[in-house]
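Residue strings, one per chain:
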Amino acid sequence: MTEFFAGVGKIQYEGPDSKNPLAFKHYNAEEVVAGETMARHMRFSIAYWHSFCNGGADPFGLPTRHMPWLDAPDAMATARNKARACFEFCEKLGVDFYCFHDRDVAPEGETLAESNSNLDEIAKVLKGEQERTGIRPLWGTACLFAHPRFMHGAATSCNADVFDYAAAQVAKAMEVTCELGGSGYVFWGGREGYKSILNTDMGREMDHLAKFLHLAVEYKKQIGFKGQFYIEPKPKEPTKHQYDFDAAACYAFLQKYGLVEHFKLNIEANHATLAGHEFAHELQFAAANGILGSVDANRGDTLLGWDTDQFPTNLYDAVFAMLAILDAGGFTTGGLNFDAHVARESIEPVDLFHAHIGAMDVFARGLKIAAAIREDGALADHLARRYASWNSGLGADIEAGKVGFAELGKYMLDKGNAAPNESGRVEMLENILNDYIR
Ligand code: XUL
Ligand code: CO
């Protein structure tokens with residue numbers, strides 16, 4: 001069988017002093033950190049679409065990458081090659097999970113029936129590769145944004161037939177994800193949003209989106225799919241206004257439509273920054289509301305206002321992310337999926353290894369640093385002290401609901417003034433954090 005990454009063997013952990021660019025310096029899958037192996041903490045996943053489909057085309061130019069798995073005589077042979085390339089890559093990299101859209105793995109046919117049968121055929125190839133390697137989907141999803149039929153949206157389209165088509169596609173993608181033993185299923189809003197309010201009935205579109213998700217929940221039960229459902233927030237691109245703007249908007253939407261118990265969030269770093277938030281803010285918001293499910297790990301560019309989907313290399317971001325993930329109790333069904341593509345000028349297959357090795361290493365360092373900070377109570381002690389006034393007396397009475405405005409008014413009239421504030425010690429805490437980043 002063709003080897004697509006000939007010349008690259010299994011990537012080994014060689015430690016921080018290694019100068020080998022094709023070795024891990026920090027990620028050591030079996031090493032135990034804070035009571036779990038690094039592999040279990042991270043549940044790293046590769047993104048099928050970026051790594052095996054996206055050739056680097058941009059609005060100004062054609063694809064640049066050498067992707068030998070795409071040099072097959074027809075679309076189905078190409079799809080079989082992609083699957084083999086993906087599993088060869090994951091095996092060599094030592095990653096246990098992959099994420100896919102239906103149309104990444106198998107080509108769209110002339111009819112829905114043909115698309116479904118293409119997907120079934122490639123799902124068999126994926127299953128064979130899974131059985132050979134033990135690698136599984138972290139999540140599956142349906143591509144409801146690339147085909148022109150979704151130009152007005154999918155679940156929020158003005159065209160009821162398109163809603164139907166999208167439902168049929170999601171049902172099939174969910175069946176295949178279930179068949180492949182996927183741990184989850186993602187709904188990213190794709191074109192669920194709008195460009196012009198002049199042609200948009202926003203309230204009706206959001207009702208339709210909620211209806212769609214309720215139908216998905218019902219179908220999930222019908223087919224016995226046990227994976228976790230996730231919504232992936234994103235504020236803009238491709239549409240100007242996306243309904244799943246950020247974690248808070250998604251949470252409000254899920255609450256309004258009675259969907260909270262069925263969904264968690266898949267937080268993507270670059271989507272957070274596009275929404276004007278720090279990645280850690282989105283993670284902490286989701287965690288604080290019990291809906292942190294999974295992560296699309298990547299990086300934007302502070303000078304560019306679009307979704308650049310670069311591989312994560314920023315150690316600070318990784319530390320903040322791992323603090324949030326550890327605080328939330330770690331991943332259950334979710335994991336860290338590299339929803340990222342190599343730069344357009346990184347054209348050789350080996351560049352895919354460099355990109356993933358760097359990203360896995362930066363998260364491994366983030367994990368170790370976050371675990372050390374937590375073990376030492378370096379930030380937690382300060383946090384606990386900062387809120388100490390809530391642990392007894394007035395604060396405890398307010399939290400317990402024992403006092404109303406009348407009692408609060410009397411208390412302060414008697415006391416005369418609030419106790420003086422203490423310093424928030426922002427710079428001291430930043431310095432403490434920096435002491436750990438080495
Ligand atoms: C788009 C994006 C998607 C989702 C899955 O910005 O992140 O690839 O992760 O549809
Ligand atoms: Co994503």
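Here the structure is a predicted model, which means the values were calculated and not measured.

Undergrad: Would you take a moment to explain the domain arrangement of the protein chain for this structure?
TA: Interface extent is often summarised as the accessible area lost during association of the parts. Splitting the protein chain by domain gives domain 1 (12-376) and domain 2 (379-436). Here domain 1 and domain 2 have C-alpha centroids that lie 40 Å from each other. Taken together, both faces of the contact between domain 1 and domain 2 bury some 600 Å²; the carbon and sulfur share is 66%. By the criterion of area lost to domain 2, the three top residues of domain 1 are Tyr316, Ile373 and Asp376, representing 65% of everything that side buries. Remark: the boundary between domain 1 and domain 2 carries zero salt bridges. Taken together, the connections running from domain 1 to domain 2 amount to two residue pairs in polar contact (both at pLDDT 80 or more).

Undergrad: Could you clarify how one ought to interpret the nonpolar core in this entry?
TA: A general tendency of soluble globular proteins is for nonpolar side chains to be buried together. With 121 residues, the main nonpolar core has Leu93, Tyr98, Phe187, Leu336 and Phe363 as its most contacted residues. By residue number, the principal contributor to this core is helix H12 (residues 349-376), which donates 14 residues.

Undergrad: When you look at the coordination of the cobalt ion (ligand 2) in this model, what are you seeing that I'm missing?
TA: Under perfect tetrahedral coordination by four donors, a metal shows angles of 109.5 degrees; under perfect octahedral coordination by six donors, it shows angles of 90 or 180 degrees. All of the protein donors around the cobalt ion (ligand 2) are Glu232 (OE), Glu268 (OE), Asp296 (OD) and Asp339 (OD); their distances to the metal are 1.9 to 2.1 Å. Around the cobalt ion (ligand 2) sit six donor atoms, and with donor-metal-donor angles ranging over 80 to 172° the site reads as octahedral.

Undergrad: What's the story with helix H6 (residues 160-179) in this structure? I'm lost.
TA: Working note: α-helix, 3.6 residues per turn, so residues spaced by three or four point in the same direction. For H6, spanning 20 residues, the distance from its first C-alpha to its last is 29 Å, which sits close to the expected 28 Å at 1.5 Å a residue. Residues of H6 that are buried: Val162, Phe163, Tyr165, Ala166, Gln169, Val170, Ala171, Lys172, Ala173, Met174, Val176 and Thr177. You can read the cap of H6 off the contacts: a side-chain oxygen lies 3.0 Å from the backbone nitrogen of Asp161, and it is on Asn159.

Undergrad: Just checking my understanding: could you explain the site of ligand 1 for this structure?
TA: As a matter of local geometry, ligand 1 sits amid Trp49, His101, Trp139, Trp188, Glu232, Lys234, Glu268, His271, Asp296, Asp307 and Asp339. At 3.0 Å from an oxygen atom of ligand 1 is found a side-chain nitrogen or oxygen belonging to Asp307. Notes on ligand 1: free accessible area 300 Å², of which the protein chains cover 94%. Counted by class, the shell around ligand 1 contains three nonpolar, two polar and six charged residues.

Undergrad: What should I look at first to understand unusual backbone geometry in this one?
TA: Excluding glycine, residues mostly have negative phi values, and the peptide bonds linking residues are mostly trans. In this structure, the amide linkage connecting Glu237 to the following residue, Pro238, adopts the cis form with an omega of 10°. The phi dihedral of Arg43 is positive, around 45°, even though this residue is not glycine. One can find Arg43 in the loop between helix H1 (38-42) and strand E5 (44-47). At Arg425, a position not held by glycine, the phi torsion is positive, near 55°. Along the chain, Arg425 falls in the loop between helix H15 (405-415) and helix H16 (426-436).

Undergrad: What am I meant to see in the side chain of Lys25 here?
TA: As for its placement among the helices and strands, Lys25 is situated in the loop between strand E2 (23-24) and strand E3 (32-33). Buried charged residue Lys25 carries no salt bridge. Nearest counter-charge: Asp361, at 4.9 Å. Not counting residues within four places of it along the chain, the set of residues in contact with Lys25 comprises Tyr13, Gly15, Pro16, Ser18, Asn20 and Asp361.

Rules and cut-offs
- Along each chain, numbering runs from 1 in the same order as the chain's sequence is written.
- Chains carry letters from A onward and ligands carry numbers from 1 onward, assigned in written order.
- In keeping with the predicted nature of the model, local features appear solely for residues at pLDDT of at least 70, side-chain atom pairs appear and are counted solely at 80 or more, and the whole-chain, interface and lining totals rest on all residues.
- For side-chain calculations, the full set of non-hydrogen atoms in the structure is used, while hydrogens and water are omitted.
- Reported domain spans reflect what an automatic or database domain assignment gives.
- Buried area is a sum: the accessible area each of two parts loses on coming together, probed at 1.4 Å, counted once for each and added.
- Salt-bridge detection follows one rule: a side-chain nitrogen of Lys or Arg within 4 Å of a carboxyl oxygen of Asp or Glu.
- Under this definition, polar contacts are N or O atom pairs within 3.5 Å; protein pairs additionally need one hydrogen-donor-capable and one acceptor-capable atom, and for neighbouring residues in sequence, both atoms have to be side-chain atoms.
- Side-chain atoms within 4.5 Å are what join buried Ala, Val, Leu, Ile, Met, Phe, Trp, Tyr and Cys residues into a set we call a nonpolar core.
- Only protein chains enter the calculation, and the probe is 1.4 Å; a residue is then buried if its accessible area is under 20% of its type maximum, exposed if over 50%, and partly exposed in between.
- Strands here mean DSSP runs of E at least two residues long; helices mean DSSP runs of H or I at least four residues long; both are numbered from the N terminus.
- Distances up to 2.8 Å from the metal define which N, O and S atoms are donors, and 3.2 Å serves for Na, K and Ca; water is absent from the atom set, so sites may look incomplete.
- Every angle between 85 and 135 degrees makes a four-donor site tetrahedral, while opposite donors more than 155 degrees apart, with all other angles between 65 and 115, make a four-donor site square planar and a six-donor site octahedral; other sites are irregular.
- Here a helix's expected span is defined as the number of its residues, less one, multiplied by 1.5 Å.
- Residue proximity to a molecule or strand is established when one non-hydrogen atom of the residue lies within 4 Å of it.
- What sets the accessible areas is the Shrake-Rupley method with a 1.4 Å probe; for residues, cover comes only from the shown protein chains.
- Side-chain classes are defined by residue name, with Ala, Val, Leu, Ile, Met, Phe, Trp, Tyr, Cys and Pro counting as nonpolar, Asp, Glu, Lys and Arg as charged, and the others, Gly among them, as polar.
- Charge assignment in this entry is limited to Lys and Arg as positive and Asp and Glu as negative, and neither His nor the chain termini are counted.
- Note on definitions: a residue-residue contact is assigned when non-hydrogen atoms from the two residues lie within 4.5 Å.

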